[in-house]
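So the chains spell out like this:
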Amino acid sequence: MMTADSLHLTMATLEPFSSLELGHFILTSAILFAIGIIGFLTRRNMIVMFLCTELMFQAAAIAMIAFGRFHMDLSGQVFVIFILTVAAAESALALALVVLLFRRKETLNAEAWTELRE
Amino acid sequence: MYTFAFDLQSYAPIGILIIMALVFGAFNLIATHLLGPTRHGEEKEGTYESGMEPIGSARKRFNIRFYILAMTFLVFDVEIVFLYPWAVTFAKLVPQSPESAMFLGRISFFIGTSIIAYIYAWRKGVFRWD
Amino acid sequence: MIEKLWFLIPEIILFIGVCVVSIMGLSHHRTWRSAVPGATIVFLIAAALATPFLYTPEKMEAAELLMPRVGWYFKVIVGFVSVLLALMCIGLIDRRYEAEVKAGRASFDPMRVNRGEFFIFFLLSVMGVNLICSANDLIWLFLALELVSLPTYVMVAMSRPSRKAQEAAVKYFFLGAMATGVFLYGFALLYGSTGTIVLTEMRDVFAAQVAEEGGVNLLGIVGMIVSLLGVAYKIAAAPMHFYVADVYEGAASAVSAFLAFVPKAAGFLGMILLLGTMGWAGHAGEGSTGLPMPIVTTLWMIAAITMTLGNVGALLQTSVKRMLAYSSVAHSGYMVIGLIAGPGLGINGVLFYLTAYGIMNTAAFAVLAGLERKKAEIETVDDLAGLRFKHPSMAIVMAISAASLLGVPPLLGFMGKLYIFVGGVETGHIPLVIIAGLNSAISAGYYLYLIGLPILSQPSPQAETITTGEARWPRLAGVIGAVLIIVLPVFTNYLYDATERSTEGYLDEQARQIGATDADEPDEPPDPALATRE
């Protein structure tokens, strides 16, 4: 399945890092993820909310790369490429939707949009 | 572990590239200065800012078309991310083997889908500026 | 690789459909543009019909998938329910603009033509569900889930030219992006726990972990729970259900029906695949205790909270669409019981229930899509009062679909509930089934309202002003759905056998694999084709 066997050779010259070092990376990604989700739930500017979701994506990407190195496996890095792509597609969509809303009502405050309520 | 051998010769192509870039840039500047007509005027001496008026508040509105173009660009920009790993792997395949044909087929399909999207955007009039 | 490509032919057909529809949608001729929904339906049917011929036993044997046969059932069902959904979308997009063009008041403007795009997104989303059937690694699963979701965000925004739809789209998109981030992080943890992203290998690693350490390691459990919570957004289950009512209310009825079926089917299939890596009790070999306790507890709570919140929420609504939205939440709760129960009646029941739910929910929404008042959708439940006098067929469709959603015995919805509840009882989750039973009783409170009001009640003054919409196709979709609700129970056995056949490969495979696993297998010899040129 893994196609680049020469890349495996390159990786074989590297040491997998110890679980102690892995912990640092995972801690970083967990903190990023937490910042993202807390920011998403507390901030009300739509651009900032979107940045927070991007932060969550990148947290997952960091975790993927760290685990990939820990297991000496390339698929984590491959996954990150796809995460980046989907993140780009989502940002294009977010931009479009936010512009659409902004043209209707000149604010980016999410609380100004309360037409749909119980 | 790697031993870091400093081999000057392997940097020769980069050196040549830098020299070529410098020569090309210098040649163009000098040639336009010598050959081109010299005119002055308000428009001519203003700052070029991709077709926008560069004077005034930076907080003014952009034309909505910038967003459409930016979004289109974003999608195609990200495509490069896939082409790099593909190119690195493809160079290592045995030429004319079934695997390399399959690799070529995959990337052709991938680029093909992007081209379809591009043509659609074109027909839709995304690139028209009026 | 070629075997996998073989299974992707339905998706390729849909992709060709996307290209054709995009060309037709931008055509200068109005007739071509108005043929777009028809072309969409043709390609949906073609993809669904091609599936049984492609999934031959030999091919399914050769495919190294976690559930090699599930596509055989799922692609057909999703295809045909999508046809009903596509019928409902006819005449929804660009109605005013096309009328202007017809009257000669407007000329062709590519920037204003949206119908083609809407159906492109429709096809892409259905394609995403089909792709999940062949998913064997987390990347594929992630991309397919995103392919299901991203087009739906745009579809909501396009569905009607009101501010409500745009607000709904933004809400749906932002919460959806957050949910994506959540399950992506879960995927990262699952990868960290197992060191592989391939689902079949992941299952072997988990089995080895259970054999060696007496249980799945903590990273794996946390990763699975986080992934499930993220995917719960797609199936509209608690704690990710809060968007449902607002989004369904804001979107046009046809698109709401789409949201209630397609992402839900995708989410359940994704969950089945994810849970399949850990295996259920009695299905993951000797000494296996099945799903780890924390995961069962999580699912248990998701099921109980989802159906209770859904049904109580629906009771409090006065808007039909919000009521159906909450009922969609409640039905997700019932289906999660099937996930807990596992292979056999549980998973088969989920697959069966998805079919049933898709049909009956589409029929209910089709009534709303087929009726209008002064060019606007009908809102409150009271608008339906006495529908029988003006639009008898729509009243009957509404009553039948509501009765089926409630689970009145001979109808399709009852059969679905029966399998899932029996599956739950068989695996010993009796308290959960009792909660589900109580919830069904609560749900009678609002479903009976939907059954009785159109049929028995006298029309209220505001109900008098309701007319049928311009397009007759949504009403046709409703009638087809109602007929299927009545007729399909006769073929329940056949349908259930189909679900059984679609999952059986998974069981055999898993039983065979257990014991023969070795997590520390040496690396595979390098592929000769990849030898360097030197």
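Residues numbered from 1 in each chain as written. Chains lettered and ligands numbered in written order. Predicted model: local features only at pLDDT ≥ 70, side-chain atom pairs only at ≥ 80, totals over all residues.

Enquirer: It is not clear to me how the overall build of chain C should be interpreted in this structure. Could you clarify?
Expert: Of regular secondary structure, chain C possesses 23 helices and two strands. In summary, chain C has a C-alpha radius of gyration of 23 Å against a globular reference of 24 Å for 534 residues, a match within 12%. Each of the three principal axes of chain C carries a C-alpha extent, and together these read 75 × 60 × 40 Å. Residues classed as buried in chain C amount to 61% of the 534 residues present. Intrachain contacts of chain C at a sequence separation of at least 6 include 81% that bridge at least 24 residues. (Helix = DSSP H or I, 4+ residues; strand = E, 2+ residues; numbered from the N terminus. Rg over C-alpha atoms; globule rule 2.2 N^0.38 Å. Buried ≥ 20, exposed ≤ 12 C-beta atoms within 10 Å, placed from the backbone. Contact = placed C-beta atoms within 7 Å.)

Enquirer: How should the interface of chain C and chain A be read in this particular structure?
Expert: It is common to give the size of an interface as the accessible area that goes away when the parts come together. Across the contact, 35 residues belong to chain C and 35 residues belong to chain A. Secondary structure elements with two or more residues in the side of chain C that touches chain A: helix H9 (138–159), helix H10 (163–194) and helix H13 (244–250) of chain C. Considering each element in turn, the side of chain C that touches chain A owes the most residues, 18 residues, to H10(C). Here the side of chain C that touches chain A is composed, by residue class, of 22 nonpolar, six polar and seven charged. (Nonpolar A, V, L, I, M, F, W, Y, C, P; charged D, E, K, R; others polar.)

Enquirer: Just to check I follow, could you spell out the nonpolar core for this structure?
Expert: Within soluble globular proteins, side chains that are nonpolar tend to cluster in buried spots. Grouped together as the largest cluster of nonpolar side chains are 234 residues, with contacts concentrated most on Ala60(A), Leu123(C), Val156(C), Tyr185(C), Ala254(C), Ile337(C) and Met398(C). The element that contributes the greatest number of residues to this core is H10(C), accounting for 19 residues. Setting aside anything within four residues of it in sequence, one finds Met398(C) in contact with Ala364(C), Val367(C), Leu384(C), Leu387(C), Leu450(C) and Pro454(C). (Core = buried A, V, L, I, M, F, W, Y, C linked by C-beta atoms within 7 Å.)

Enquirer: Would you mind showing me how to read the environment of Ala395(C) here?
Expert: Residues and elements named next belong to chain C. When you line up the elements, Ala395 lands in helix H19 (residues 392–406). Judged by the 21 C-beta atoms lying within 10 Å of it, Ala395 falls in the buried class. For the pair formed by Ala395 and Pro454, sequence separation is 59 residues and the distance between their alpha carbons is 5.3 Å. Not counting chain neighbours up to four residues away, the residues in contact with Ala395 comprise Leu387, Arg388, Pro454 and Ile455.

Enquirer: Explain the confidence of the model for chain B to me, please; I cannot follow it from the model alone.
Expert: Predicted coordinates in areas of low pLDDT are best not read in detail. Looking at chain B, the pLDDT average stands at 81 and 85% of residues meet or exceed 70. Of all helices and strands in chain B, the one with the weakest mean pLDDT is helix H2 (residues 42–45) of chain B (74), whereas helix H1 (residues 12–35) of chain B scores best (93). (pLDDT = per-residue confidence, 0-100.)

Enquirer: For this particular structure, what's the right way to read the packing of helix H17 (residues 345–370) of chain C against H19(C)?
Expert: When two helices pack together, their arrangement is given by the angle between the helix axes and the distance between those axes. Residue and element names in this part refer to chain C. Close contact between H17 and H19 brings their axes to 8 Å; oriented N to C, the two are set at 150°. Comparing the axis directions of H17 and H19 gives the class roughly antiparallel. Crossing geometry of H17 relative to H19 is assigned as left-handed. Residues Met360, Ala363, Ala364, Val367 and Gly370 of H17 form the contact with H19, whose participating residues are Met394, Val397, Met398, Ser401, Ala402, Ser404 and Leu405. When its residues are assigned to classes, the contact of H17 with H19 shows nine nonpolar, three polar and no charged. (Axes fitted to C-alpha atoms, helices over the stretch in contact; angles between N-to-C directions. Parallel < 35°, antiparallel > 145°, perpendicular 65-115°, else oblique. Left-handed = near helix turned anticlockwise from the far one by under 90°.)

Enquirer: Help me understand unusual backbone geometry, please; the structure alone is not making it clear to me.
Expert: Excluding glycine, most residues fall at negative phi; most peptide bonds, likewise, are trans. Residue and element names in this part refer to chain C. A cis amide bond, omega 0°, links Ala238 with the succeeding residue Pro239. When you line up the elements, Pro239 lands in the loop between helix H12 (218–235) and H13. In this model, Ala236 sits at a positive phi of 60°, which is unusual for a non-glycine residue. Take Ala236: it is sitting in the loop between H12 and H13. Judged by C-beta crowding, with 29 C-beta atoms within 10 Å, Ala236 ranks as buried.

Enquirer: Honestly, helix H11 (residues 199–213) of chain C in this entry has me stumped. Any pointers?
Expert: The α-helix advances 3.6 residues per turn, and as a result positions three or four apart in sequence lie on the same side. Residues and elements named next belong to chain C. Between its first and last C-alpha, H11 extends 20 Å over 15 residues, near the 21 Å set by a 1.5 Å rise per residue. Those residues of H11 that fall on the buried side of the exposure criterion are Leu199, Glu201, Met202, Arg203, Asp204, Val205, Phe206, Ala207 and Val210. Once H11 ends, the next one or two residues include Gly214, with phi positive near 80°. (Expected span 1.5 Å × (residues − 1).)

Enquirer: What's the story with the environment of Leu5(C) in this structure? I'm lost.
Expert: In this fold, Leu5(C) is placed in helix H1 (residues 2–7). Considered as a pair, Leu5(C) and Gly478(C) are 473 residues apart in the sequence and their alpha carbons are 36 Å apart.

Enquirer: Would you explain helix H8 (residues 115–133) of chain C in this entry?
Expert: With 19 residues, H8(C) extends 28 Å from end C-alpha to end C-alpha; this agrees with the ideal 27 Å at 1.5 Å per step. Burial of H8(C) is extensive: 18 of the 19 residues sit out of reach of the surface.

Enquirer: Explain the packing of H8(C) against H9(C) to me, please; I cannot follow it from the model alone.
Expert: Residue and element names in this part refer to chain C. Interaxial distance between H8 and H9 falls to 8 Å at its minimum, and their mutual angle equals 155°. In terms of orientation, H8 lies roughly antiparallel with respect to H9. H9 is crossed by H8, and the crossing has left-handed handedness. Across from Phe118, Phe121, Phe122, Leu124, Ser125, Met127, Gly128, Val129, Leu131 and Ile132 in H8, the residues of H9 making contact are Leu141, Ala144, Leu145, Leu147, Val148, Pro151, Thr152, Val154, Met155 and Met158. When grouped by side-chain class, the residues that make up the contact of H8 with H9 number 17 nonpolar, three polar and no charged.

Enquirer: Just to check I follow, could you spell out the confidence of the model for chain C for this structure?
Expert: Residues and elements named next belong to chain C. For chain C, mean pLDDT is 86; residues scoring 70 or higher make up 92% of the total. Taken as a whole, residues 508–534 scores under 50 in pLDDT and shows 26 contacts with residues more than four places along the chain or in a different chain. Scoring of the predicted complex yields 0.86 for pTM and 0.86 for ipTM.

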